[in-house]
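Single-letter residue listing:
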Amino acid sequence: MEPIGIVKGGTLAIKAGATLYDFYNSYKKDRYGDFIQCLDVTYESGSIEARNNLNEFIENPTGRAILGERLESIMSTDSKRVLMIQALLLCKDRDCWPGEAIEKRIIFALQNMTDETINIFQFCLRLRKIESSLNYNFLIFNQETDLSSLDQISDRRVMVIIEDLKRRGLFLPDIRDNGGMNFYQPEEQSWDIVFGITEEAEALSKLINKAELLLT
């Protein structure tokens, strides 16, 4: 018995594959075009020193290699704010460039980041601070947190994004002696998630603010 539909199915698969490949290329070109526009804005608004730094970076083989590595991160998102942040980092914008070490970690954190993640990240930075003897700012998210500033985003979704931001190295787990990553009191039906803010989170917040300013 012959396999079913090998010829017909194969022909259809080839056609579908070619269509998807064309769409993929078009998508990548659009993303790259958006990034170039962002880079142009940051270049024009930057200082002479920043422009010179970017020109030297692009002309240097090492710089081009780094840019090639970053293209994966740049192409992984459709967020205009993330693309603008990538451009600001390449231009080493004097208002918000965090230095090479933190820059590398932020590039990692930006992989596949969406506007929803950025919105929840900014929301979390405005949460109530709690006292700590450590040199970190700790914030608390619980059942009493007002979510009205988020557009139909549930507390469960915020929890998921907080854990994602920890994996990205932007938020810290609760490392206080009397803490824990989170705790739940069933008799009161109450819960708390406590997390810390990293240097990378503070640097990214400044970059987001500058990106939003340039995009308006």
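Our subject is the structure listed above.
Report follows, based on the coordinates. Since the structure is predicted, the reported quantities are computational estimates derived from the model, not experimental observations. (Residues numbered from 1 in each chain as written. Predicted model: local features only at pLDDT ≥ 70, side-chain atom pairs only at ≥ 80, totals over all residues. Heavy atoms only, no water.)

1. Here's the deal with the pairing of strand β2 (residues 138-142)
- Most of β2 is tucked away: five of the five residues are buried.
- Residues Phe138, Ile140 and Asn142 line one face of β2 and the alternating positions Leu139 and Phe141 line the opposite face, and both faces are buried.
- As judged from the two bridges shared by strand β1 (residues 129-130) and β2, these two strands associate in the antiparallel manner. Note that in β2 the partner of Ile130 across the bridge is Phe138.
- As defined by bridge partners, β2 adjoins strand β5 (residues 190-197) across five bridges and the pair is classed as antiparallel. If you follow Phe141 over to β5, its bridge partner there is Ile193. (Buried < 20%, exposed > 50% of the residue type's maximum accessible area, 1.4 Å probe, protein only. Helix = DSSP H or I, 4+ residues; strand = E, 2+ residues; numbered from the N terminus. Pairing = 2+ DSSP bridges.)

2. Comments concerning a nonpolar patch on the surface
- Together, Leu134, Tyr136 and Ile175 give the surface a local cluster of nonpolar side chains, amounting to about 260 Å² of exposed area.
- Turning to its location among the elements, Leu134 is positioned in the loop between β1 and β2. (Patch = residues over 30% accessible without salt bridge, like charges linked within 9 Å, V, L, I, M, F, W, Y side chains within 5 Å. Areas by Shrake-Rupley, 256 points an atom, 1.4 Å probe, with all protein chains shown as cover. Salt bridge = Lys/Arg side-chain N within 4 Å of Asp/Glu carboxyl O.)

3. Some points on the layout of surface pockets
- Quantified by volume, the largest pocket comes out at close to 360 Å³.
- Along its surface, the largest pocket is lined by 14 residues, and Phe57, Ile66, Arg70, Glu103 and Lys104 are the ones closest to its centre.
- Elements that contribute at least two residues to the lining of the largest pocket include exactly α2 (48-59), α3 (61-74) and α5 (100-109).
- A per-element tally of the lining of the largest pocket places α3 first, with five residues.
- Here the lining of the largest pocket is built from residues that sort into four nonpolar, three polar and seven charged. (1 Å grid on protein atoms, 1.4 Å probe; cavity = no way out; pocket = protein on both sides within 12 Å on 5 of 7 lines; lining within 4 Å. Points joined across faces, edges and corners; volume = space filled by probe spheres on them. Nonpolar A, V, L, I, M, F, W, Y, C, P; charged D, E, K, R; others polar.)

4. As for the packing of aromatic side chains
- Considering all chains together, one arrives at three aromatic pairs under this definition.
- With centroids separated by 5.8 Å and ring planes inclined at 20°, the aromatic side chains of Phe121 and Phe171 adopt a geometry described as stacked. Pair noted here: Phe121 is in helix α6 (residues 115-125) and Phe171 is in strand β3 (residues 171-173), with a separation of 50 residues, a long-range link. Both residues of the pair, Phe121 and Phe171, belong to the buried class.
- Centre to centre, the rings of Phe171 and Phe195 are 4.5 Å apart; their planes meet at 25°, and the pair counts as stacked. (Phe/Tyr/Trp six-rings, centres within 6.5 Å; stacked < 30°, edge-to-face > 60°.)

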